[in-house]
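Here is what each chain is made of, one letter per residue.
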Amino acid sequence: MLLILFMGLISFFTFYYFYQTNKYKIIDDYPGPTPLELLKFVLLPKSTVDSYKFVVSLNKKYGPVVKIWIRPFKPTLLVSDEKFIKHILLSKEHVNKRSLFQLLEAFVGSGLPMMSDINLWRQERKMISHVLNNQFNIDYISTFKTHAIKLRDAINKNLNQPVDLQMLLLRHGLNIVYDLLLNEDISNQDDRVNRYSTALKTFFEVYFDRINSPLKINDIIFKLTNNYKIWTKCSEEAKEFIESTLKTVIELKKKSPNKNDRKDFIDLLLESGLSYDRILAQLRTLVVAGSDTVSAATGFALYELAKHPELQERIYQEYISIVGVDENVFAEFSDIQQMSFADCVMKETLRLYPPFPFISRTLIKSAEIGDKVFPGDTDLVFSIIGSHYLNFEEPTKFKPERFLPENATKIPANAYLPFSLGPRDCIGKIVAIAEVKFLISYIMRHFTLHPINDHKADIAGEVVLTSKNGLPVIFKKRIIE
Ligand code: HEM
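Residues numbered from 1 in each chain as written. Predicted model: local features only at pLDDT ≥ 70, side-chain atom pairs only at ≥ 80, totals over all residues. Heavy atoms only, no water.

> An account of the overall build of the protein chain is needed here, citing residue identities and associated values.
When helices and strands are tallied, the protein chain shows 19 helices and eleven strands. In terms of overall dimensions, the protein chain has a C-alpha envelope of 85 × 55 × 40 Å along the principal axes. A total of 481 residues make up the protein chain; the buried ones form 51% of that total. The contacts in the protein chain between residues at least 6 apart in sequence include a share of 75% that link residues at least 24 apart. Summed over all atoms, the accessible surface of the protein chain reaches about 23200 Å², with 58% contributed by carbon and sulfur. Across the protein chain, the 61 positively charged side chains and the 56 negatively charged ones have centroids separated by 4 Å. (Helix = DSSP H or I, 4+ residues; strand = E, 2+ residues; numbered from the N terminus. Buried < 20%, exposed > 50% of the residue type's maximum accessible area, 1.4 Å probe, protein only. Contact = heavy atoms within 4.5 Å. Areas by Shrake-Rupley, 256 points an atom, 1.4 Å probe, with all protein chains shown as cover. Lys, Arg positive; Asp, Glu negative; His and termini not counted. Charge placed at Lys NZ, Arg CZ, Asp CG, Glu CD.)

Here's what the structure looks like:
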C-alpha cells in the first residue's frame with residue numbers, strides 16, 4: 001500500500017515537473033539564480049534587510065528580466081524592463097495580481113489593492129477615485145495645516161538631539177490620513193492608537209514568519225498554529241479601530257445632516273452608492289495604504305536633506321518666495337504645485353526609496369511581449385527599485401537635479417514608476433504628492449536638519465520600505481534674519 005502511494009506521488013511529481021517545464025519553457029530563455037541559490041534563500045533564516053538586498057541584487061546581476069524558478073513549482077519573472085511595463089502594467093487587461101501581499105487582507109480589509117473580482121474592482125475604483133480626488137469638496141490643506149503645527153510643536157520639544165524620523169512620522173502620517181478620511185483627530189487618543197499600531201506591527205511580524213515558511217503559507221496548516229489566534233486578534237483590532245469611528249460619524253451625520261455645499265470624504269462615500277460593509281473595507285485599506293507610505297517618503301526625504309544643507313537652503317528659498325516668511329501663512333494647493341524644487345526632492349526620494357519597491361501582476365491570458373509569447377497565468381513581479389537603478393546614472397546617489405525640466409527629458413519612458421503605472425496604479429498619488437511636498441517645505445521653513453555622523457540606513461523591504469536602524473537626524477531651529 002505504502003509502495004503504491006509512494007509510486008503515485010513520484011508519478012504525480014514527474015508529471016507536474018514536465019507539465020510546468022513545458023508550459024513555462026519560454027522563461028528558461030532568461031538568466032537567474034540557480035535553484036540551489038534560491039533554495040538557500042528560501043530555507044535559511046534571514047533578516048528582512050538581507051532579503052531586500054538579495055532581491056535588489058538580482059536585477060543588477062542578471063539584467064532587467066530575471067527568472068526565479070525552483071521546479072516543479074511555478075516560476076516568477078522579476079522584471080524592470082520597459083517592454084514588460086508597456087505591455088503588461090499599462091495594459092487594460094492584465095490588472096490581476098496574485099501574490100503573498102494578498103494575505104494582508106485579513107488586516108487591511110478587502111479594499112482596492114486586494115480585490116480580485118475585476119468587474120467589482122473597476123466599479124469601486126471609479127467611485128473611490130472620484131471621491132479621493134475631489135479637491136473641491138475635500139479640504140486637504142486645512143488638515144495638513146492642523147497636523148503640521150502639531151508636528152512642529154513635537155519637534156520643538158526635541159531640538160538639538162537625535163530624533164528618529166520614522167518614529168516621529170509614522171504617528172503623524174496615521175493622524176493625517178485618519179482625519180482626512182474619517183474626520184476624526186486621533187492625535188490625543190494615545191491608548192487607542194497604540195493598540196492599533198501594536199496590532200499592525202504584530203500582524204506584520206506574523207505575516208513575515210508566515211511567508212517565510214513553505215508550510216504556514218497553507219491556510220489549513222496556518223489555522224492549526226498559535227499564530228493564527230494572534231493574526232485573528234490583530235485583524236479584529238484593526239476592524240474595530242476604523243469601525244468605531246465610522247459608526248459614530250454616520251450616527252452624527254444622521255442627527256445633524258451637513259447643510260454646507262462642502263462635503264467630506266464620508267459624505268461622498270455614502271452618496272457613491274457603496275454599501276456600509278464595502279465602505280468599511282475600503283476605509284480600512286485606505287488608512288493603511290495612505291499612512292505608512294507617506295510617512296516613509298517624508299522620512300527618507302528629510303533623512304537625505306539632513307546630509308545636503310545646500311538642498312535644504314534651496315527648498316527654504318523656494319518656500320519663502322512662494323508663501324512668504326509669516327509663520328501664520330501656510331502653503332495652499334496652488335502654492336504646492338509651484339514648488340518645483342521640492343517636487344524634484346520628492347521625486348528623487350521616491351526613486352531611491354520607493355515605499356513599495358515591488359508590485360505583482362498575473363497574466364490573465366497569454367501575452368506577446370517583443371518576439372516572445374508568455375502563457376496565461378504567468379506570475380510577474382515588477383521591480384520598481386530595479387527600474388530606478390538600471391535606468392539612471394549614478395543610481396545610488398541622491399541627485400534631485402535629475403528631475404529638473406532640462407534633465408528630466410533624459411529619463412527613459414516608463415522607467416520612473418514609484419506610484420506604479422497603468423489602470424491599477426496608486427489612486428492616492430495626488431494627495432500623497434501634495435502631502436509630502438507640504439510637509440518637507442513646511443519643516444524647511446522652521447528648522448534646519450543635521451545628520452548623525454556615519455549613520456547608514458539598513459533598508460528593508462517590509463510591507464512598506466523601512467530602515468531597520470531608524471532614520472536619526474538632529475533638528476535645529478531655523479534662524480530667520
Ligand atoms: C508616497 C506615497 C505613496 C506611494 C509611493 C504609493 C505607491 C503605490 C503603489 C506602487 C501601488 C501599487 C499599484 C500596483 O499594484 O500597480 C499603490 C496602490 C494603491 N495606493 Fe498608493 N502610494 C502612496 C500613497 C497612497 C495614499 C496617500 C493613498 C490613499 C489615501 C493610497 C492608496 C492606494 C490604493 C487604494 C492602491 C490600490 C489601487 C488599486 O489596486 O486599484 N496610496 N500605491
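> I'd like to hear about the side chain of T448, residue by residue, with values.
Position of T448 among the secondary structure elements: in strand β8 (residues 447–451). Within the structure, T448 has its side chain in polar contact with the side chain of H450 (distance 2.8 Å). Once residues within four sequence positions are removed from consideration, T448 is found in contact with Q312, I474, F475, K476 and R478. (Polar contact = N/O pair within 3.5 Å; in protein donor to acceptor, adjacent residues only side chain to side chain.)

> For the environment of N212, give the residues involved together with the corresponding values.
Position of N212 relative to the elements: it lies in the loop between α9 (190–211) and α10 (219–223). Between the C-alpha atoms of N212 and L43, which are 169 residues apart in sequence, the distance is 7.8 Å. In contact with N212, not counting residues within four places along its chain, are V42 and K46.

> So what's going on with the sheet that holds strand β1 (residues 65–68)? Which residues, and what values?
One open sheet holds the four strands; their spatial order is β1-β2-β7-β4, and the pairing between them is mixed. This sheet does not close on itself; its edge strands, each paired only once, are β1 and β4 (358–362). With strand direction ignored, the average angle separating the axes of adjacent strands in the sheet is 25 degrees. The pairing of β4 with strand β7 (residues 379–383) spans five bridges and is classified as antiparallel. Its bridge partner being in β7, R361 is matched across the sheet by L380. In the packing of helix α4 (residues 82–89) onto the sheet, contacts are made with β1, β2 (76–79), β4 and β7, and the angle to β7 comes to roughly 120 degrees. (Pairing = 2+ DSSP bridges. Axes fitted to C-alpha atoms, helices over the stretch in contact; angles between N-to-C directions.)

> Can you explain the coordination of the iron atom of the ligand? Please cite residues and give values.
There is one protein donor for the iron atom of the ligand, and it is C426 (SG), at 2.3 Å. Its place among the elements puts C426 in the loop between α18 (405–408) and α19 (429–446). (Donors = N, O, S within 2.8 Å, 3.2 Å for Na, K, Ca; no water.)

> Lay out the site of the ligand with the relevant residues and their values.
Taken together, 24 residues sit near the ligand, with W121, R125, R361, S420 and C426 positioned nearest. At 2.8 Å, a side-chain N or O of W121 approaches an oxygen atom of the ligand. Taken together, the elements giving at least two residues each to the shell around the ligand come down to α6 (118–132), α13 (276–307) and β4. The dominant element in the shell around the ligand, judged by the number of residues it contributes, is α13, at six residues. Considering only residue class, the shell around the ligand consists of 15 nonpolar, four polar and five charged. (Near = heavy atom within 4 Å. Nonpolar A, V, L, I, M, F, W, Y, C, P; charged D, E, K, R; others polar.)

> Go over the pairing of strand β11 (residues 472–477) with me, naming the residues and quoting the values.
Examined bridge by bridge, strand β3 (residues 162–164) and β11 share three bridges and lie antiparallel to one another. Bridged to P162 within β11 is I474.

> Outline the packing of helix α8 (residues 165–182) against α9, supporting the account with residue identities and numerical values.
At a closest axis distance of 12 Å, the pairing of α8 and α9 adopts a crossing angle of 105 degrees. As judged from the angle between their axes, α8 and α9 are roughly perpendicular. Of the residues in α9, those in contact with R171, L174 and Y178 of α8 are D190, R192, V193, Y196 and S197. Partitioned by chemical class, the residues of the contact of α8 with α9 number four nonpolar, one polar and three charged. (Parallel < 35°, antiparallel > 145°, perpendicular 65-115°, else oblique.)

> Explain helix α7 (residues 140–156) to me, and be specific about the residues and the numbers.
Here α7 contains 17 residues, and its C-alpha end-to-end distance of 24 Å stays within 8% of the 24 Å for a straight helix at 1.5 Å per residue. Within α7, the full set of buried residues consists of Y140, I141, T143, F144, H147, A148, L151, R152 and I155. Down the axis of α7, the buried side of the element spans an arc of 165 degrees, and every buried residue falls inside it. On its buried side, α7 packs onto α6, α8, α15 (333–338), α19, β8 and β11. (Expected span 1.5 Å × (residues − 1). Arc of directions from axis to C-beta.)

> Tell me about the sheet that holds β8, and name the residues and values.
Strands sit in the order β3-β11-β8 across an open sheet of three strands; the sheet is antiparallel. What marks the edges here is a single partner per strand, and that holds for β3 and β8. The average angle at which neighbouring strand axes cross in this sheet is 45 degrees, direction not considered. Relative to β8, α13 is tilted by about 80 degrees, and along the sheet it contacts β8 and β11. Those strands touched by α19 are β8 and β11, and its axis lies near 95 degrees from that of β8.

> I'd like a rundown of the environment of V373, residues and numbers included.
Here V373 lies in strand β6 (residues 372–374). For V373, a relative accessible area of 47% corresponds to the partly exposed category. Sequence-wise, V373 and I221 are 152 residues apart; in three dimensions their C-alpha atoms are separated by 37 Å. For V373, the residues in contact, after removing those within four places along its chain, are I26, S366, A367 and E368.

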